[in-house]
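# Understanding the architecture of this molecule
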Amino acid sequence: MNEALQDLLDLLDLERIEQDIFRGTSRPSLVPRVFGGQVAAQALVAAGRTVPDDRHPHSLHAYFLRPGDPGAPIVYTVDRIRDGRSFTTRRVVAVQHGQPVFHLSASFQTYEEGLEHQEPMPHAPNPLDLPTAAEMLPAHAHRFADPAVVERLLDARAAVDLRYVDDPPFASVGEPREAKSQVWFRTNGKLADDPLLHVCLVTYVSDMTLLDSVLLAHGRGGWTVGDVVGASLDHAMWFHRPFRADEWLLYDQESPTAQGGRGLAKGRIFTENGQLAVSVIQEGVVRVPRSRT
């Protein structure tokens, strides 16, 4: 396990300060606010620690209310909404400086047999045939106004091996493409056999690239090249089948619409053997900066 992955695991290991109150810290972000995937993953950790071990997350719905301050701790308060025979529901509010910055509702379920079907996995090349971030990003350094962005991107993604199937938005500025994108990802190291940990790590990664498909439709490169301003508004996930975050997962993403300064994206996460593991939907702010005259 590399140092960056251990740092991420430490980030998700929240401090319990009361029975249903937890405290977390943040790592430096690419933007002057807490990374949305981090606060979502930490909130799910907090919820999961109040649920029996035989109940696993099957869905979450979250709203990002205010930009988080990466220099201040985040307090997560868990509300035990319901404990049923099969399902458990938790609500989590993340607070900084006396104000809520994030709200999450999560549902957990005991294992059950039932009807089963799924969409087929889309075609994608073998992840080992694709360039790593360390191989791909330096080739595009000239596209960034600040050359330090490359090092910051590499640092932010050092815990996760994330490989683009096609060029990312910052590599095709001014060239509108189909509003679809794919990435393979896995953690840079093996993890313990803790199902909640694997779900929380995929929650963390799910916010990294989902809005890329919105940018691709308009030939925009994203905040890294300064042609849009963006932030997550809400995020929903459904966990269908078991998976491991330390094994290759294909994140298939597309954007059905953008309007009103917002873009909608949806994603499907498949295991390497073709099992549909997770479905994701996110809406985010995607604004074009006004030109200065």
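Above this text sits the structure in question.
In what follows, the accompanying structure is described.

The rules we used
- Residues numbered from 1 in each chain as written.
- Predicted model: local features only at pLDDT ≥ 70, side-chain atom pairs only at ≥ 80, totals over all residues.
- Heavy atoms only, no water.
- Core = buried A, V, L, I, M, F, W, Y, C linked by side-chain atoms within 4.5 Å.
- Buried < 20%, exposed > 50% of the residue type's maximum accessible area, 1.4 Å probe, protein only.
- 1 Å grid on protein atoms, 1.4 Å probe; cavity = no way out; pocket = protein on both sides within 12 Å on 5 of 7 lines; lining within 4 Å.
- Points joined across faces, edges and corners; volume = space filled by probe spheres on them.
- Helix = DSSP H or I, 4+ residues; strand = E, 2+ residues; numbered from the N terminus.
- Nonpolar A, V, L, I, M, F, W, Y, C, P; charged D, E, K, R; others polar.
- Salt bridge = Lys/Arg side-chain N within 4 Å of Asp/Glu carboxyl O.
- Contact = heavy atoms within 4.5 Å.
- Phe/Tyr/Trp six-rings, centres within 6.5 Å; stacked < 30°, edge-to-face > 60°.
- Axes fitted to C-alpha atoms, helices over the stretch in contact; angles between N-to-C directions.
- Parallel < 35°, antiparallel > 145°, perpendicular 65-115°, else oblique.
- Left-handed = near helix turned anticlockwise from the far one by under 90°.
- Pairing = 2+ DSSP bridges.

Let us now look at the nonpolar core. Residues Tyr76, Phe102, Phe185, Val202 and Val278 are the most contacted members of the largest nonpolar core, which totals 73 residues. The next biggest cluster of nonpolar side chains, apart from the first, holds 8 residues, and it includes Ala124, Trp248, Leu250 and Phe270.

Taken as a whole, the second largest pocket spans an internal volume of roughly 890 Å³. As for the second largest pocket, its lining consists of 26 residues, and the residues nearest its centre are Gln109, Tyr111, Phe239, His240 and Arg241. No other element matches the 4 residues that helix α5 (residues 195-206) contributes to the lining of the second largest pocket. For the lining of the second largest pocket, the per-class residue count stands at 11 nonpolar, 8 polar and 7 charged.

In the structure shown here, the tally under the stated rule is 14 salt bridges. In this structure, Asp161 engages Arg163 in a salt bridge whose closest nitrogen and oxygen atoms are separated by 3.0 Å. Exposure remark for Asp161: the relative accessible area of 10% places this residue in the buried category. Each of Lys190, Asp193, Arg244 and Asp246 takes part in a single network of salt bridges with overlapping partners.

What follows concerns the environment of Leu9. You can see Leu9 is positioned in helix α1 (residues 3-12). If we ignore the near neighbours within four places in the chain, the residues touching Leu9 are Met1, Leu191, Leu197 and Leu201.

Take the packing of aromatic side chains next. Counted by the stated rule, this structure contains 3 aromatic pairs. Relative to Tyr251, the ring of Phe185 lies with its centre 6.3 Å away and its plane at 70°, an arrangement referred to as edge-to-face. Pair noted here: Phe185 is in strand β8 (residues 180-187) and Tyr251 is in strand β10 (residues 249-259), with a separation of 66 residues, a long-range link. We classify Phe185 as buried; its relative accessible area is 2%.

Bringing empty space enclosed by the protein into the picture now. The final tally for this structure, using the stated rule, is 1 cavity of 30 Å³ or more. In this structure, the largest cavity encloses a volume near 30 Å³. Its residues assigned to classes, the lining of the largest cavity shows 3 nonpolar, 2 polar and 4 charged.

On to the packing of helix α2 (residues 36-48) against α5, then. Their axes nearest at 7 Å, the elements α2 and α5 cross at an angle of 160°. On the basis of the axis angle, α2 is roughly antiparallel to α5. Of the two possible hands of crossing, α2 and α5 adopt the one that is right-handed. Facing Gly37, Gln38, Ala40, Ala41, Leu44, Val45 and Gly48 of α2, the residues of α5 in contact are Leu196, Val199, Cys200, Thr203 and Tyr204. Partitioned by chemical class, the residues of the contact of α2 with α5 number 8 nonpolar, 4 polar and no charged.

This brings us to the pairing of β10. Relative to β10, β8 runs antiparallel, the two being bridged by 6 bridges. Note that in β10 the partner of Gln182 across the bridge is Asp252. Hairpin geometry of β10 and strand β11 (residues 262-271) is characterised by an intervening segment of 2 residues between the two adjacent antiparallel strands and by a positive phi of about 60° at Gly260.

So, on to the pairing of strand β9 (residues 229-239). The pairing of strand β3 (residues 55-64) with β9 spans 5 bridges and is antiparallel. Note that in β9 the partner of Ala62 across the bridge is His235. The pairing of β9 with strand β12 (residues 276-287) spans 10 bridges and is classified as antiparallel. Looking at β12, one finds that Ala236 is bridged to Ile281.

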